[in-house]
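These are the residues of each chain, in order.
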Amino acid sequence: MKVEGFVASLRNAETIGELFNILQKKGPIVELDGVKFLIVVEGDFEGRPFWTEINGEKANQALGDAMLNSSSFPFKCKRPYTGGNVIFVNFDDIEVEKFLVAYRDPDYGIFYLVENGRAKEITKEEYEKLKAEMPEFKIKSMSDEQMDMMGAFFG
């Protein structure tokens, strides 16, 4: 599958339930053009926010500076006032073997335990219990040289 195909599948969602169903079918780890990615989504569906958590923390905070190294694509769903961003985090940049991923909204969630590059769906109760046992989520961030180049670029 290609990145465009994955983003297009999210655009087809007409309800937040359909969006979660698509995410559940794909899982948090997908292979696109021969490269494995962790899929992070965040956005708003007709006023109802949705987001991704890693080890119980919102993904944008868990990923930190590594978000700058990731590919992000905006998407709009078929309904008005819906859409968000899908962020593709190169799985090779993740420095831990075990972590939790959850796709959430205020009322619902899909929960996964990722171990040795494989995702297994778990219950909310298992997710809540395992959060305390997870090692710190670490991801390669930009090198100092890359940060200096960014600084020079942005002035």
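Note that the coordinates shown come from a computational prediction; the quantities given were computed from them, not determined experimentally.

**A few points about the packing of helix H1 (residues 3–11) against helix H2 (residues 16–26)**
And step 1. One way to put it is that H1 packs onto H2 with a least axis distance of 9 Å and a crossing angle of 145°. Here Phe-6, Ser-9 and Leu-10 of H1 lie close against H2, whose contacting residues are Leu-19, Ile-22, Leu-23 and Lys-26.
And step 2. In the contact of H1 with H2, the residues fall into five nonpolar, one polar and one charged.

**Some details on the side chain of Asn-55**
And step 1. With respect to the element layout, Asn-55 can be found in the loop between strand E3 (48–54) and strand E4 (57–58).
And step 2. We classify Asn-55 as buried; its relative accessible area is 16%.
And step 3. Polar side-chain contacts of Asn-55 include one of 2.8 Å to the backbone nitrogen of Leu-100.
And step 4. Once residues within four sequence positions are removed from consideration, Asn-55 is found in contact with Phe-99, Leu-100, Tyr-127, Lys-131, Met-134, Pro-135 and Phe-137.

**As for the nonpolar core**
And step 1. Of all hydrophobic cores here, the largest spans 41 residues; its most connected members are Leu-10, Leu-38, Ile-39, Val-86, Phe-88, Phe-99 and Phe-137.
And step 2. The biggest single contributor to this core is strand E2 (residues 35–45), with six residues.
And step 3. Counting residues in hydrophobic clusters, the runner-up holds eight residues, among them Leu-100, Ala-102, Ile-122 and Tyr-127.

**Some details on the pairing of strand E1 (residues 29–32)**
As a general feature of sheets, a regular strand has side chains that alternate between the two faces.
And step 1. Looking at chain direction, E1 and E2 are connected through four bridges and run antiparallel. What sits directly across from Val-30, in E2, is Phe-37.
And step 2. In this antiparallel pair of consecutive strands, E1 and E2, the connection spans two residues, and Asp-33 shows a positive phi of 50°.

**Some thoughts on the confidence of the model for the chain**
And step 1. Overall, the prediction assigns the chain a mean pLDDT of 84, with 86% of residues at 70 or greater.
And step 2. Low pLDDT, under 50, characterises residues 142–155; the stretch is placed with seven contacts to residues that sit more than four places away or in other chains.

**Regarding the pairing of strand E8 (residues 109–115)**
And step 1. In terms of residue burial, E8 counts as a mostly covered element, since six of its seven residues are buried.
And step 2. Of the pairings in the sheet, the one linking strand E7 (residues 98–104) to E8 comprises seven bridges and is antiparallel in character. The partner of Phe-99 across the bridge, within E8, is Val-114.
And step 3. Turn length for the E7-E8 hairpin, with the two strands adjacent in sequence and antiparallel, is four residues.
And step 4. In the sheet, E8 pairs with strand E9 (residues 118–122) via five bridges, with the strands oriented antiparallel.

**Brief notes about H1**
And step 1. Considered for burial, the residues of H1 that qualify are Val-3, Phe-6, Val-7, Ser-9 and Leu-10. Seen end-on, H1 carries its buried residues on one side only, within an arc spanning 155°.
And step 2. Residues of H1 that are buried in the fold lie against H2, E1, E2, strand E5 (71–75) and strand E6 (82–90).

**Some words on the packing of aromatic side chains**
And step 1. Inspection of every chain in the model, using the stated rule, returns nine aromatic pairs.
And step 2. With a centroid separation of 6.3 Å and 40° between ring planes, the pair formed by Phe-91 and Phe-99 is classed as tilted.
And step 3. Given a relative accessible area of 13%, Phe-91 falls into the buried group.
And step 4. The exposure class of Phe-99 is buried, given its relative accessible area of 0%.
And step 5. Relative to Tyr-112, the ring of Tyr-103 lies with its centre 6.2 Å away and its plane at 75°, an arrangement referred to as edge-to-face. Judged on exposure class, the residue Tyr-103 and its partner Tyr-112 are both buried.
And step 6. Chaining the aromatic ring pairs together yields one cluster made of Phe-6, Phe-37, Phe-73 and Phe-88.
And step 7. In this arrangement the basic side chain of Lys-36 is found over the ring face of Phe-91, its NZ or CZ atom lying 5.0 Å from the centre.

Thresholds, definitions, all that
- Residue positions are given per chain, counting from 1 as you read along its sequence in written order.
- The model is predicted, so local features are restricted to residues of pLDDT at least 70 and side-chain atom pairs to those at 80 or more, both for listing and for counting; the totals for chains, interfaces and linings are taken over all residues.
- For side-chain calculations, the full set of non-hydrogen atoms in the structure is used, while hydrogens and water are omitted.
- Interaxial angle, 0 to 180 degrees, is taken between N-to-C directions of lines fitted to C-alpha atoms, where a helix line uses only the stretch in contact.
- Each helix is a run of H or I in the DSSP string that is no shorter than four residues. Each strand is a run of E no shorter than two, and both are numbered from the N terminus.
- Contacts are residue-level and defined by heavy atoms, with any inter-residue pair within 4.5 Å sufficient.
- Ten residue types, Ala, Val, Leu, Ile, Met, Phe, Trp, Tyr, Cys and Pro, are classed as nonpolar, four, Asp, Glu, Lys and Arg, as charged, and the remainder, Gly among them, as polar.
- Type-normalised accessible area, obtained with a 1.4 Å probe on protein chains alone, sets the label of each residue: buried when under 20%, exposed when over 50%, and partly exposed for intermediate values.
- Counted as a polar contact is a pair of N or O atoms within 3.5 Å, where, for protein atoms, one must be capable of donating a hydrogen and the other of accepting one, and residues adjacent in sequence contribute only when both atoms are in side chains.
- We define the nonpolar core as a collection of buried residues of types Ala, Val, Leu, Ile, Met, Phe, Trp, Tyr and Cys that are connected through side-chain atoms lying within 4.5 Å of one another.
- Paired strands, in this sense, are two strands between which DSSP finds at least two bridges.
- Summary of the metric used: pLDDT quantifies the predictor's per-residue confidence within the range 0 to 100.
- Think of it as the arc spanned by the lines of direction from the helix axis to the C-beta atoms.
- Working definition: a ring pair exists when centres of Phe, Tyr or Trp rings (six-membered ring for Trp) sit within 6.5 Å. Plane angles under 30 degrees give stacked, over 60 give edge-to-face, the rest tilted.
- The rule for a charge over a ring is simple: NZ of Lys or CZ of Arg within 6 Å of the ring centre, and within 35 degrees of the ring normal.

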